[in-house]
Amino acid sequence: MTKSIPSSGAGAVRIILKNKDAFHFDLREKKEDNGKQSYLFDVYYENATGTLNVLMDNGEPVIAALNLSLGKVITLSNDTNLKKLCKYVIDQVNV
C-alpha cells in the first residue's frame, strides 16, 4: 500500500518519487518554441489529482508547477525534488 499525500501537501513530491508505481500522468499538451519544450500533464496519485506544467530547455526543467487538488502548488523554487519528478515524467513520455 502506498503512502497518501497529507492534506497539507507537505512532502508531496518526495512521497510521489518514493511511490512512482502509484503515480500516473497523461500528456495533455506539448508545444515547442525556439528549442524549448512545454508540457502539460494531468496527474493522478492516490488521494490527489492535478496538473503538472513544465518548460524544458536543453533537457532541464527551467519552470515547473505541480498543482494538486489538495490546494497546494509546488514549484521549483519551493521544492527541489520537483526537478527530479519532471525529469522522470519527461523521460517516460520520450521513451
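To start, this report covers the structure provided alongside it. (Residues numbered from 1 in each chain as written. Predicted model: local features only at pLDDT ≥ 70, side-chain atom pairs only at ≥ 80, totals over all residues. Heavy atoms only, no water.)

### Considering helix 2 (residues 82-93)
Every α-helix carries 3.6 residues per turn, so stepping three or four residues along brings you back to the same face. Relative to the 16 Å expected for 12 residues at 1.5 Å per residue, helix 2 spans 17 Å between its end C-alpha atoms, a close match to the ideal helical length. Buried residues belonging to helix 2 abut helix 1 (12-18), strand 1 (23-33), strand 2 (36-45), strand 3 (48-57), strand 4 (60-68) and strand 5 (72-75). (Helix = DSSP H or I, 4+ residues; strand = E, 2+ residues; numbered from the N terminus. Expected span 1.5 Å × (residues − 1). Contact = heavy atoms within 4.5 Å.)

### Here we look at the environment of V13
When you line up the elements, V13 lands in helix 1. As for V13 and T80, which are separated by 67 residues in sequence, their C-alpha atoms are 9.1 Å apart. Every residue in contact with V13, bar those within four places of it in the chain, is listed here: L66, I74, D79, N81, L82 and L85.

### Overview of the nonpolar core
Soluble globular proteins tend to pack their nonpolar side chains together in the buried interior. By size, the foremost hydrophobic cluster in this structure holds 27 residues, and its most contacted members are L52, L66, L82 and L85. Elements with a minimum of two residues in this core: helix 1, strand 1, strand 2, strand 3, strand 4 and helix 2. Among the elements that make up this core, the one with the highest residue count is helix 2 (6 residues). (Core = buried A, V, L, I, M, F, W, Y, C linked by side-chain atoms within 4.5 Å. Buried < 20%, exposed > 50% of the residue type's maximum accessible area, 1.4 Å probe, protein only.)

### So, the pairing of strand 4
Remember that side chains alternate between the two faces of the sheet whenever the strand is regular. The pairing of strand 3 with strand 4 spans 8 bridges and is antiparallel. Each residue of the ladder has a partner; that of D57, found in strand 4, is E60. Here strand 3 folds back onto strand 4, and the loop between the two strands holds 2 residues, one of which, N58, carries a positive phi near 55°. Hairpin connection between strand 4 and strand 5: a loop of 3 residues separates the two successive antiparallel strands, and G71 in this loop has a positive phi of roughly 85°. (Pairing = 2+ DSSP bridges.)

### A short note on the side chain of D79
Within the secondary structure, D79 sits in the loop between strand 5 and helix 2. Of the side chains with opposite charge, R14 lies nearest to the buried D79, which makes no salt bridge, at 7.3 Å. Engagement of the side chain of D79 in a polar contact is seen with the backbone nitrogen of N81, the distance being 2.9 Å. Not counting the four nearest positions on each side in its chain, D79 is found in contact with V13 and I74. (Lys, Arg positive; Asp, Glu negative; His and termini not counted. Salt bridge = Lys/Arg side-chain N within 4 Å of Asp/Glu carboxyl O. Polar contact = N/O pair within 3.5 Å; in protein donor to acceptor, adjacent residues only side chain to side chain.)

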